[in-house]
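# Inside the fold
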Amino acid sequence: MTATEYEAVPAVGPDSTGAQAGTPEARCVVMKFGGTSVADPQKLRSVAARLVGAREAGYRVVGVLSAMGKTTDELLALALEVSPAPDPRELDMLVSVGERISCALAAMAIVDLGHEAISLTGSQAGIVTDTVHGKAKIVEVRARRIHEALDDGKIVLVAGFQGVSTTYEVTTLGRGGSDTTAVALAAALGADHCAIYTDVRGVFSADPRLVPDARPLRHVSFDEMLEMASSGARVLATRSIEVARSHNVKLHVRSTFEEGIGTWIEEEDDGMLEKALISGVVHQREETVYHVEGATRARLFGALAEAFVNVDTIVQTGAQIVFSAPPEDRVAAARTLDELGLEWSSREDLGKVSLVGAGMKSHPGVAAKTFATLEAAGIESPIVSTSPIKIACHVPTVDVDRAVRALHEAFELGG
Ligand code: ADP
Ligand code: ASP
Ligand code: MG
């Protein structure tokens, strides 16, 4: 796998608290807006006004935009109407268009507000990736063109979710990839911080759409956020947190539609106000679970890695290996297992509920309480896996919502 390298990763001041802090003159801020935030012309104009507000406060402003509303889903569905297994290169050519539309429209709106703006594709912005279509990784940011536009006083709009590969092809970064674009740019530009504007007020103790009394979290460490994101809290793409952590980019998740303090994601420190036992309960409704007989581990997981299958939980008992992987990797996983000539079966009826919290490391009894809660709710959990700050239980998809609510209540996470 290619290592992530940036042209420049300047240090970030330790004590700034956002756009109002310090002297803004020389500072750069990267502001990312998700699909719901740019869903229609009126919302795009509001986003333009927000970017202009930051510019008028003296910042060098880079906006990273997602595709409008459900555009990416619609483009993917369109591809499937034309071809049952779309060619990966052509699929990237197609879906990368959504983000370009948003950026061009936002640039027009900014010009109407009396400011200068330029929209750039991922390629024009110097986002260089590896060659894996559909889930490319950023290997370098060649930010010269962005710097020049910023030096000219322009607001720069970069199409999220995409780049150009080392072999000059258009690539996309995987679902939710605009977050990663924003963080990589913030790292390369030495931005004060990276603001992720979305349709909720921040990171919550559970998906606020599922648990109405979920509590907004003020601070979350990179480690916790990585576990939360990789276990299904889709508010931030997992890869974006990896990049933020390795380049120490502070992330501020906040609402596009209302003012509020939002959530800061940064390095854990002893002064963090909430070093809670459990920070959140996160879930994913679907995860394919594979049962494989008679394979050697090295050969099996080597082949899956070569096919870019993102293996999650692995359990081995005797000759049987059980592992899970996201539903979107189903075709690649099945092909790999068949090519290895293995006897295998899969289950599509399971999802996963995970408790995440840095305080778990030093407190016994979290697993016991988790199992007791699920048992009391009559929910079976055939696979359990843990990390020092996470307990993950696979449960039937039909029980996922109930399991999240029961655990959120049992650990008194509501507010
Ligand atoms: P965007 O389009 O802005 O990138 P996403 O839909 O990717 O937004 O992510 C925001 C959504 O993440 C929210 O609408 C919320 O339903 C969901 N979500 C899941 N878990 C959490 C959580 N723990 N905290 C906040 N949001 C969460
Ligand atoms: N538009 C892409 C998606 O829907 C990328 C993103 O929104 O971050 O996954
Ligand atoms: Mg997203």
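From a predicted model like this one, the values you see are computed outputs, not experimental measurements.

The strand order S3-S6-S2-S1-S9-S11-S12-S10 describes an open sheet built from eight strands, whose pairing is mixed. Lying at the two open borders of the sheet, with one neighbouring strand each, are strand S3 (117-120) and strand S10 (219-221). Ignoring strand direction, the axes of neighbouring strands in this sheet form an average angle of 20°. The pairing of strand S2 (residues 60-65) with strand S6 (residues 155-159) spans four bridges and is parallel. Looking at S6, one finds that Leu65 is bridged to Ala159.

Three or more residues of helix H8 (residues 238-247) are buried, namely Ser240, Ile241, Val243, Ala244 and His247. Along the axis of H8, the buried residues cluster in a sector spanning 160°; they form a single face. The secondary structure elements touched by the buried residues of H8 are helix H6 (178-189), helix H7 (222-230) and strand S11 (251-255). Residue Asn248 follows H8 closely and has a positive phi angle near 50°.

Glancing now at the sheet that holds strand S7 (residues 162-165). Here we have four strands laid out as an open sheet, ordered S5-S4-S7-S8, and mixed in their pairing. Since the sheet does not close on itself, it has two edges, and those belong to strand S5 (138-141) and strand S8 (170-172), each with one partner. Each adjacent strand pair in this sheet contributes to an overall mean axis angle of 45°, direction not counted. With three bridges connecting them, S7 and S8 associate as antiparallel partners. Bridge pairing in S8 links Val164 to Val170.

Moving on, we get to the environment of Val29. Tracing the sequence through the fold places Val29 in strand S1 (residues 28-33). Relative accessible area serves as the criterion here: at 5%, Val29 is assigned to the buried category. Among all residues touching Val29, those that are not within four sequence positions of it are Tyr59, Arg60, Val61, Val62, Ala191 and His193.

A rise of 1.5 Å per residue sets the reference length of helix H4 (residues 97-112), with its 16 residues, at 22 Å; its end C-alpha atoms lie 23 Å apart and thus fit the reference within 8%. What H4 keeps buried is the set Gly98, Glu99, Ser102, Cys103, Ala106, Ala107, Ala109 and Ile110. Buried positions in H4, seen along its axis, are confined to an arc of 165° and lie on one side of it. Pointing more than 90 degrees away from the buried face of H4 are the exposed residues Met108 and Asp112. At the C-terminal side of H4, Gly114 shows a positive phi close to 90°.

Before going further, it helps to examine unusual backbone geometry. Residue Asn248 is not a glycine yet carries a positive backbone phi of 50°. Mapping Asn248 onto the fold places it in the loop between H8 and S11. With a phi angle near 50°, Glu412 is a residue other than glycine that sits in the positive phi range. Summarising the element assignment, Glu412 is placed in the segment after helix H12 (400-410). For Glu412, a relative accessible area of 68% gives the class exposed.

Turning to its location among the elements, Leu374 is positioned in helix H11 (residues 366-376). Apart from residues no more than four positions distant in its own chain, Leu374 is found in contact with Ile379, Ser381, Cys393, Val395, Ala403 and Leu407.

This paragraph deals with the packing of aromatic side chains. Two numbers describe a pair of aromatic rings. These are the distance of the centres and the angle of the planes. Tallying each qualifying case throughout the model produces four aromatic pairs. Each ring, one from Phe33 and one from Tyr197, has its centre 4.6 Å from the other, and the planes form 10°; the classification is stacked. Linking Phe33 in strand S1 with Tyr197 in strand S9 (residues 193-198), this pair joins segments that are 164 residues apart in sequence. Accessibility classification places Phe33 together with Tyr197 in one group, the buried group. An angle of 50° between the planes, with centres 6.1 Å apart, marks the rings of Tyr290 and Trp344 as tilted. Highlighted residues: Tyr290 in strand S14 (residues 288-293) and Trp344 in strand S17 (residues 343-347), separated in sequence by 54 residues. Taken together through their ring pairs, the aromatic side chains of Tyr290, Phe301, Phe323 and Trp344 make up a single cluster. Over the face of the ring belonging to Phe411 we find Lys369, whose NZ or CZ atom lies 4.9 Å from the ring centre.

Moving on to the site of ligand 2. Taken together, Ser66, Thr72, Glu99, Phe161, Arg175, Gly176, Gly177 and Ser178 are the residues near ligand 2. In this structure, Ser66 approaches ligand 2 through a side-chain N or O atom, which is 3.0 Å from an oxygen atom. Within the contact set of ligand 2, a nitrogen atom lies 2.7 Å away from a side-chain nitrogen or oxygen of Thr72. Surface burial for ligand 2 is 86%, taken as the share of its 260 Å² of free accessible area covered by protein chains. When the residues that make up the shell around ligand 2 are grouped by side-chain class, the tally is one nonpolar, five polar and two charged.

Take the pattern of salt bridges next. Per the stated rule, a full pass over the model turns up 22 salt bridges. The salt bridge partner of Asp401 is Arg285, with a shortest N-O separation of 2.8 Å. Taken together, the residues span a long stretch of sequence, with Asp401 in helix H12 and Arg285 in the loop between strand S13 (280-284) and S14 at a distance of 116 residues. Taken together, the shared-partner salt bridges in this structure form one network comprising Arg50, Arg254 and Glu259.

This paragraph deals with the pairing of strand S15 (residues 314-317). Here S15 runs beside strand S16 (residues 320-325); their pairing, made up of four bridges, is antiparallel. Paired with Gln316 across the bridge in S16 is Ile321. Linking S15 back to S16 in an antiparallel pair, the connection comprises two residues, with Gly318 at a positive phi of about 60°.

What counts as what
Residues numbered from 1 in each chain as written. Chains lettered and ligands numbered in written order. Predicted model: local features only at pLDDT ≥ 70, side-chain atom pairs only at ≥ 80, totals over all residues. Heavy atoms only, no water. Pairing = 2+ DSSP bridges. Helix = DSSP H or I, 4+ residues; strand = E, 2+ residues; numbered from the N terminus. Axes fitted to C-alpha atoms, helices over the stretch in contact; angles between N-to-C directions. Buried < 20%, exposed > 50% of the residue type's maximum accessible area, 1.4 Å probe, protein only. Arc of directions from axis to C-beta. Contact = heavy atoms within 4.5 Å. Expected span 1.5 Å × (residues − 1). Phe/Tyr/Trp six-rings, centres within 6.5 Å; stacked < 30°, edge-to-face > 60°. Lys NZ or Arg CZ within 6 Å of the ring centre and 35° of its normal. Near = heavy atom within 4 Å. Polar contact = N/O pair within 3.5 Å; in protein donor to acceptor, adjacent residues only side chain to side chain. Areas by Shrake-Rupley, 256 points an atom, 1.4 Å probe, with all protein chains shown as cover. Nonpolar A, V, L, I, M, F, W, Y, C, P; charged D, E, K, R; others polar. Salt bridge = Lys/Arg side-chain N within 4 Å of Asp/Glu carboxyl O.

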